[in-house]
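Chain by chain, the residues run as shown.
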Amino acid sequence: MPTRGEVAVFRPPTATELLIVAHQILPAPVPLLKRVEATGQDEVCCAKEPVGTISINGKVIAEVLDKDREGGGHCHPRKAAAA
């Protein structure tokens with residue numbers, strides 16, 4: 001089981017991979033990297049009020065805009081407040 005801060009390598013679902021390749025974002029096959037921000041004991045919330053936010057254990061880690069410059073949904077990560 002990965003721990004917070006580690007990097008995980010994974011293969012996206014087929015439909016996602018097809019979109020990535022079709023938009024020439026990455027070539028196939030498309031392994032992706034993600035930094036682990038939450039684990040099984042953490043509470044992750046996506047709230048729409050008062051502003052679209054994603055939080056882990058009550059700390060806001062990203063704001064969610066309605067649309068990015070391409071017209072799709074998009075998260076803008078920001079540094080979490082110092083503990």
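Per chain, the residues get numbers from 1 upward, laid out in the order the sequence is written. In keeping with the model being predicted, local features are shown solely for residues with a pLDDT of at least 70 and side-chain atom pairs are shown and tallied solely at 80 or more, while totals for entire chains, interfaces and linings include all residues. Only hydrogens and water are set aside; all other atoms, that is, all heavy atoms of the structure, feed into the side-chain values.

### What about the confidence of the model for the protein chain?
Regions with low pLDDT should not have their predicted coordinates read in detail. Rule in force here: Residue-level confidence of the predictor, termed pLDDT, takes values from 0 up to 100. Under the scheme used here, helices are H or I runs from DSSP no shorter than 4 residues and strands are E runs no shorter than 2 residues, and both carry numbers assigned from the N terminus.
Residues at a pLDDT of 70 or more form 78% of the protein chain, whose mean pLDDT is 79. Taken element by element, the predicted model of the protein chain shows its lowest mean pLDDT in strand β6 (residues 74–77) (49) and its highest in strand β1 (residues 7–10) (91).

### Remarks on the side chain of Ser55
Defined as follows: Whether two residues touch is decided by their heavy atoms; if any such pair falls within 4.5 Å, the residues are in contact.
Along the chain, Ser55 turns up in strand β4 (residues 53–56). Contacts of Ser55, omitting those with residues within four sequence positions, involve Glu43, Val44, Cys45, Val60 and Ile61.

### Re the pairing of strand β5 (residues 59–65)
Defined as follows: Pairs of strands are assigned from DSSP output, requiring at least two bridges between the strands.
One ladder, built from four bridges, connects β4 with β5; its direction is antiparallel. In the sheet register, Ile56 faces β5, and the bridge partner there is Lys59. Here β4 folds back onto β5 in antiparallel fashion, the turn holding two residues, of which Asn57 has a positive phi close to 50°.

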